[in-house]
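Coordinates in review
Spelled out, the chains give:
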Amino acid sequence: MYPRKDKAAEKARRIMQQSIEDHTADLAPTVDGRKVVLETVDVMRQYHQYDEVVTAVHRANLQVFAGEFVAIVGASGSGKSTLLHLCAGLDRPNSGSISVRGHKLEEMSEDDLGEFRGNFLGMIFQSHHLIPQLTALENILVPTLMCDREEVSYEQHFKRLITALDLADRLHHLPSELSGGQQQRVAIARALINRPQILFADEPTGNLDRANAEEVLGLLLATREELGCALVMVTHDLSIAARADRVLKMEAGRLRPWNNRMDGMLPGYEGGEE
């Protein structure tokens with residue numbers, strides 16, 4: 001009787017471990033020798049608004065390579081934040097496919113998707129979304145509860161983050177006791193604590209003055225270099241977009257490359273048409 005129970009428990013453990021390995025294996029394809037860490041194919045997202053159907057994202061196709069900085073610009077309501085949330089696994093598409101590291105997000109259960117996000121994805125929101133009852137330190141460490149990557153070491157990485165973000169003397173303060181800029185720094189530390197392979201940022205400098213915006217952008221770019229992670233950022237600021245490896249534009253839910261002839265020259269850009 002007892003041995004059979006032990007065998008059943010061991011079988012269940014192996015199945016669970018295999019499920020974890022299946023969702024953490026790196027299956028990313030390569031194009032021209034570069035690893036594709038994020039790919040969307042004909043992604044659609046529609047909402048019902050009263051008696052109308054609103055198409056927020058219309059057949060979006062995107063490839064993001066390992067270590068690449070991609071900026072997405074567009075007017076308010078163009079669908080760029082919706083697309084970002086879909087790519088980060090925070091929303092589900094009505095149709096189409098989204099693959100991260102070669103894994104299709106739409107095929108994952110909610111539990112598997114939550115674990116996958118915790119292991120490989122980071123998200124910075126414009127409005128912080130800190131948990132008000134938790135201190136800055138506790139907010140930063142929340143994603144570590146979802147991470148199951150043995151290669152991730154938190155101690156030294158955490159020290160570098162709080163030093164770079166100047167948060168050492170604010171770790172035991174609640175969000176209500178922090179300025180807007182400090183709250184954004186906590187949100188950035190939270191997004192980076194698990195050393196994500198893709199960092200999504202939705203207007204991360206939108207609520208900051210120019211000096212703080214430059215500081216935050218500098219940190220994100222430096223972190224991208226250090227971790228080798230891809231950075232996908234939604235922004236209204238063309239001077240920030242100009243520093244990206246590639247700029248895309250959303251218009252009425254449609255995604256396309258930035259075109260200098262159609263859209264104008266990006267600030268500081270001296271090359272030819274993209």
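Calculation criteria
- Residues numbered from 1 in each chain as written.
- Predicted model: local features only at pLDDT ≥ 70, side-chain atom pairs only at ≥ 80, totals over all residues.
- Heavy atoms only, no water.
- Salt bridge = Lys/Arg side-chain N within 4 Å of Asp/Glu carboxyl O.
- Helix = DSSP H or I, 4+ residues; strand = E, 2+ residues; numbered from the N terminus.
- Buried < 20%, exposed > 50% of the residue type's maximum accessible area, 1.4 Å probe, protein only.
- Contact = heavy atoms within 4.5 Å.
- Polar contact = N/O pair within 3.5 Å; in protein donor to acceptor, adjacent residues only side chain to side chain.
- Phe/Tyr/Trp six-rings, centres within 6.5 Å; stacked < 30°, edge-to-face > 60°.
- Lys NZ or Arg CZ within 6 Å of the ring centre and 35° of its normal.
- Pairing = 2+ DSSP bridges.
- Axes fitted to C-alpha atoms, helices over the stretch in contact; angles between N-to-C directions.

Structural notes on the pattern of salt bridges
As enumerated under the stated definition, the model contains 17 salt bridges in all. The shortest N-O distance in the salt bridge between Arg92 and Glu110 comes to 3.0 Å. Of this pair, Arg92 sits in the loop between α2 (80-87) and β5 (95-100) while Glu110 sits in helix α3 (residues 110-120), and the two are 18 residues apart along the sequence. Residue Glu110 is classed as exposed on the basis of its relative accessible area, which comes to 54%. Taking the shortest distance from any N to any O, the salt bridge between Glu214 and Arg210 comes out at 3.5 Å. With Glu214 and Arg210 both in helix α7 (residues 210-227) and four residues apart, the pair spans about one turn of that helix.

Considerations on the environment of Glu251
Along the chain, Glu251 falls in strand β10 (residues 246-251). On a C-alpha basis, the gap between Glu251 and Gly79 in space is 7.5 Å, while along the polypeptide they are 172 residues apart. Sequence-distant contacts of Glu251, that is, excluding residues within four places in its chain, are made with Ser78 and Arg256. Within the structure, Glu251 has its side chain in polar contact with the side chain of Arg256 (distance 3.2 Å).

Quick notes on the packing of aromatic side chains
Inspection of every chain in the model, using the stated rule, returns one aromatic pair. An angle of 55 degrees between the planes, with centres 5.2 Å apart, marks the rings of Phe116 and Phe120 as tilted. On the criterion of helical spacing, the pair formed by Phe116 and Phe120 is a turn pair, its members being four residues apart in helix α3. One exposure class covers both Phe116 and Phe120, and it is buried. Its end group placed over the ring of Phe120, Arg101 keeps NZ or CZ at 3.9 Å from the ring centre.

Comments concerning the sheet that holds strand β9 (residues 230-234)
Across the sheet, which stays open at both edges, the six strands sit in the order β7-β8-β9-β4-β10-β11 with mixed pairing between neighbours. If you trace the sheet from one side to the other, it starts and ends with β7 (121-124) and β11 (254-257), each paired once. Averaged over neighbouring strand pairs, the angle between their axes works out to 20 degrees when direction is ignored. Of the strand pairs in this sheet, strand β8 (residues 198-202) and β9 are connected by five bridges, and their pairing is parallel. Pairing of Leu199 across the sheet is with Leu231, part of β9. Sitting on the sheet, α2 touches β4 (69-73), β7, β8, β9, β10 and β11, and the angle it makes with β8 is about 155 degrees. Seen against the sheet, α7 touches β4, β7, β8 and β9 and runs at an angle of roughly 155 degrees to β9.

Function cannot be inferred from these measures alone, as they are strictly geometric.
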